[in-house]
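An overview of the molecular structure
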Amino acid sequence: MQTTASFTQQDGLFIDGHLHAFIEQQLCQQNTLDCDDVYQALATLVDEFGCQCRKNKHLENDSLDVQTLLEAYQVKQNHLHCHVDAQTTTAVLDEYCCQVPAIIVVALMDTLSGTLSDEQGAKAIYQRAATLTNRPCTYRATLKNANAA
């Protein structure tokens, strides 16, 4: 594990120091998870879904900062809404120091914390996060009632 002033390198990714501490001190301990497995799952999700999410990005400067991300899980304990093809996050950088799509980090955090989500277009990411972490899938499709007024 290599650490710089504010980021820790894990499995080819650079994790913000605050997020790294939250993962290690809270998520992994509460769920009795091996932290290395969490970082490996995150790296796999970035490899498998990062390009697809970035390719469709339609909001150029839309970024989820680490404090907003952590507040959602530490204080509010609820899911952050972020579109599959919109936000990136400053909390995790890939091997080229580019921000990763926020939905990947949120899907993993939701899966580890048991937080339900209905983000449109994110089902495959949530299912893969569940498989990689051996946790139940927290994705719940919202059914739209065509007869609703």
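For the structure, check the block above.
Residues numbered from 1 in each chain as written. Predicted model: local features only at pLDDT ≥ 70, side-chain atom pairs only at ≥ 80, totals over all residues. Heavy atoms only, no water.

**As for the packing of helix α1 (residues 17-30) against helix α2 (residues 35-55)**
The axes of two packed helices give the description: the angle between them and the distance between them. Let me state the cut-off plainly: Geometry is summarised by axes, namely lines fitted to C-alpha atoms with helices restricted to the contacting stretch, and by angles between N-to-C directions that run from 0 to 180 degrees. Each helix is a run of H or I in the DSSP string that is no shorter than four residues. Each strand is a run of E no shorter than two, and both are numbered from the N terminus. Each angle gets one of four labels, with under 35 degrees taken as roughly parallel, over 145 as roughly antiparallel, 65 to 115 as roughly perpendicular, and the rest as oblique. Throughout, a crossing is termed right-handed when the near helix is turned clockwise from the far one, and left-handed when it is turned anticlockwise from it by less than a right angle. Two residues form a contact once any of their heavy atoms are found within 4.5 Å. Only Asp, Glu, Lys and Arg are considered charged, only Ala, Val, Leu, Ile, Met, Phe, Trp, Tyr, Cys and Pro nonpolar, and every remaining residue, Gly among them, polar.
Look at α1 against α2: their axes get within 10 Å of each other, and the N-to-C directions meet at 125°. When the interaxial angle is binned, α1 and α2 end up oblique. The crossing of α1 and α2 is right-handed. Where α1 abuts α2, its residues H20, I23, E24 and C28 lie against C35, V38 and Y39. Residue composition of the contact of α1 with α2, by class: five nonpolar, one polar and one charged.

**Describing α1**
Put simply, the rule is: For a helix, the expected span equals 1.5 Å multiplied by the number of residues minus one. Two axes enter the bend calculation: one fitted to the seven residues ending at the residue in question, the other to the seven starting there, and the bend is the angle between them. Relative accessibility under 20% of the residue-type maximum defines a buried residue, over 50% an exposed one, and the middle range a partly exposed one, all with a 1.4 Å probe and only protein chains included. Here a polar contact is recorded for every N or O atom pair within 3.5 Å, except that within protein the pair must consist of a potential hydrogen donor and a potential acceptor, and residues adjacent in sequence are included only if both atoms are side-chain atoms.
Here α1 contains 14 residues, and its C-alpha end-to-end distance of 19 Å stays within 8% of the 20 Å for a straight helix at 1.5 Å per residue. The principal kink in α1, of about 35°, is found at I23. Here α1 has its buried residues at L19, H20, F22, I23, L27 and C28. Looking at where α1 begins, the residue whose side-chain oxygen comes 2.8 Å from the main-chain nitrogen of H18 is D16. Once α1 finishes, T32 follows within two positions and takes phi at roughly 45°, a positive value.

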